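Reading the structure
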Amino acid sequence: MTIGSLKHANEKKSRKSKHAVVDEHSPLLPTKHKEDAGFDEFDGASFSGAVFNLSTTIVGAGIMALPATMKSLGLILGIAMIVFMAFLTESSIELLIRFSRTSKSASYGGLMGDTFGKYGKMLLQICVLVNNIGVLVVYMIIIGDVLSGTNSSGVHHAGVLEEWFGAHWWNSRFFILLVTTLGIFAPLASLKRIDSLRFTSALSVALAVVFLVVTVGITVFKLMNGTILMPRLLPDAYDLTSFLKLFTVVPILVTAYICHYNVHSIENELEDNTQIRAVVQSSLALCSTVYVLTSLFGFLLFGDATLDDVLANFDTNLGIPLGSLLNDVVRVSYAAHLMLVFPIVFYPLRLNLDGLLFPSARPLTFDNLRFALISSGLIAVIFLGANFIPSIWDAFQFTGATAAVCIGFIFPAAVTLRDRYGIATKKDKILCIFMIVLAVFSNVVAIYSDAYALIKKSSSPRE
């Protein structure tokens, strides 16, 4: 190592230490704020590792619901909305990074605390808890559905293990989730640095690509055979009710891009943290490409029969050679992908719960007992939730319409409009007003449409 590189490293470490000191002395934040104070222990993450970690944060279970958004919006509007949400997400993250550097905040919570005081920070932490617990419950539900099967509308959909070996106690839903939790989730969740997950993140992205490649291959084969019908290009909105129903896809699109809670953790571990914006742009470009292709070919393949969770479509006869084998490849690869995504989403969940419960304690990474108790408690809650919540669509609608939209758009816009340091431009403020109006209006309409549909469904048997 040269003298110049040593000097650069020392400058970078001193800059991070300065961030922690400023946050510690701020009257709006608790003393010994662990989210900011614990970042100096490692700052050697590579650009590629950061891209894989952020991409893994983005591409979770939300991708399974995107083909169903094509069924609601049509191909043209659906693809346009996926691309539009990617640009809007990049803009909101850029605002977070810019204001965090100006305020010397090394975490999202630190920025909210600096801008709105301790209650603003607590509100963010609660939203991260709601969003991430909901997302991780969805991951477990999908893994259980894929491996052990599920019942829907009185119809049993066999899982992969049940198809291979028949129904046994050891491939029941509860036992499969228990083994997965103890054998995979718990060991990966015990890692204290997010950069330690870079290899599992790279593998998870590769598994998502496997799912995409197989889906594209099946679709192309059926297109060549002429067995795929022309898909709907535009939404079928013929009255006010059907028009308002289009907005029910907004929470799904919002959830698909939420990664804001991990941006600061990844930035603080980067060897050169000036690369964070390039990391964000690269990750969003990669993920939006995967989203567009999955939505396009998934909807082409299944058309109006596309289910809310497109993975469930792969337990039927595809009408192609080796169809059963390809079904298994798709389902197993994506279940494995979700297993590897779990610790990336779990990391900020644990950090924010610790900050909420122990705001004045020493950094979590230095307290093994507290680390173990919080980790095991959260995993137990998620495990129980996955065994009692039946539908991933319900979980997505709830988290997407509440916590996710706050984390992704409302909080970054509020920080910008508050503009404590006078750095927001007129363009920034117009964009933030647009984000808040769009987020609030779309999600209110989505919640109303879902509630109306549930009420109508529950009253129909009595008519």
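Residues numbered from 1 in each chain as written. Predicted model: local features only at pLDDT ≥ 70, side-chain atom pairs only at ≥ 80, totals over all residues. Heavy atoms only, no water.

Some points on the packing of aromatic side chains
Threshold: In summary, the pairing rule links any two rings of Phe, Tyr or Trp, Trp by its six-membered ring, whose centres are within 6.5 Å, and it sorts them by plane angle into stacked for under 30 degrees, edge-to-face for over 60 and tilted for everything else. A run of H or I in DSSP becomes a helix once it reaches four residues, and a run of E becomes a strand once it reaches two; helices and strands are each numbered from the N terminus. Three labels apply to residues, based on accessible area from a 1.4 Å probe with only protein chains included: buried if under 20% of the type maximum, exposed if over 50%, partly exposed otherwise in between. Comment: the charge-over-ring label is applied if NZ (Lys) or CZ (Arg) is within 6 Å of the ring centre and within 35 degrees of the ring normal.
Counted according to the given criterion, the structure contains 11 aromatic pairs. Between Phe174 and Phe383 the ring centres are 5.4 Å apart and the planes differ by 65 degrees, which places this aromatic pair in the edge-to-face class. In this pair, Phe174 is assigned in helix α9 (residues 173-189) and Phe383 in helix α16 (residues 368-388), connecting sequence segments 209 residues apart. By relative accessible area, which is 10% here, Phe383 ends up buried. Linked through ring pairs, Phe211, Phe302, Phe314 and Tyr334 together constitute an aromatic cluster. Here Lys192 stacks its cationic end above the ring of Phe371, 5.3 Å away from the centre of that ring.

Focus: the packing of α9 against helix α15 (residues 323-357)
The angle between the axes and the distance between the axes are what describe a pair of packed helices. The condition is simple: Note on method: axes are straight lines fitted to C-alpha atoms, helices fitted across the in-contact stretch only, with angles between N-to-C directions ranging 0 to 180 degrees. Should an angle fall under 35 degrees it is called roughly parallel, over 145 degrees roughly antiparallel, and 65 to 115 degrees roughly perpendicular, with every other angle called oblique. Handedness of each helix crossing follows the sense of rotation of the near helix against the far helix: counterclockwise by less than a right angle gives left-handed, clockwise gives right-handed. Whether two residues are in contact is decided by their heavy atoms: any pair within 4.5 Å suffices. In this classification, Asp, Glu, Lys and Arg are treated as charged, Ala, Val, Leu, Ile, Met, Phe, Trp, Tyr, Cys and Pro as nonpolar, and every other residue, Gly included, as polar.
Across the interface, α9 lies against α15 with an axial gap of 9 Å and an inter-helix angle of 50 degrees. When the interaxial angle is binned, α9 and α15 end up oblique. The crossing of α9 and α15 is right-handed. Contacts between α9 and α15 involve Thr180, Ile184, Phe185, Leu188 and Ala189 from the former and Met339, Leu340, Phe342, Pro343, Phe346 and Arg350 from the latter. Of the residues contributing to the contact of α9 with α15, the split by class is nine nonpolar, one polar and one charged.

So, α15
Since there are 3.6 residues in each turn of an α-helix, residues three or four apart along the chain are aligned in direction. Operational definition: Between the first and last residue of a helix there are one fewer steps than residues, each counted as 1.5 Å, and that sum is the expected span. Two axes enter the definition of the bend at a residue: one is fitted to the seven residues ending there, the other to the seven starting there, and the bend is the angle between them.
Taking 1.5 Å as the rise per residue, α15 with 35 residues should run 51 Å; its terminal C-alpha atoms sit 50 Å apart, in good agreement. Of all the bends in α15, the greatest, near 30 degrees, is centred on Val341, and the proline Pro343 appears no more than four residues after it. Of all the 35 residues making up α15, 27 are buried; the element is thus mostly covered by neighbouring parts of the structure.

Some thoughts on the environment of Ser55
If you trace the backbone, Ser55 turns up in helix α3 (residues 47-58). For Ser55 and Leu284, which are 229 residues apart along the polypeptide, the C-alpha to C-alpha distance reads 7.2 Å. Beyond its immediate stretch of four places on either side in the chain, Ser55 contacts Val205, Ser283, Leu286 and Cys287.

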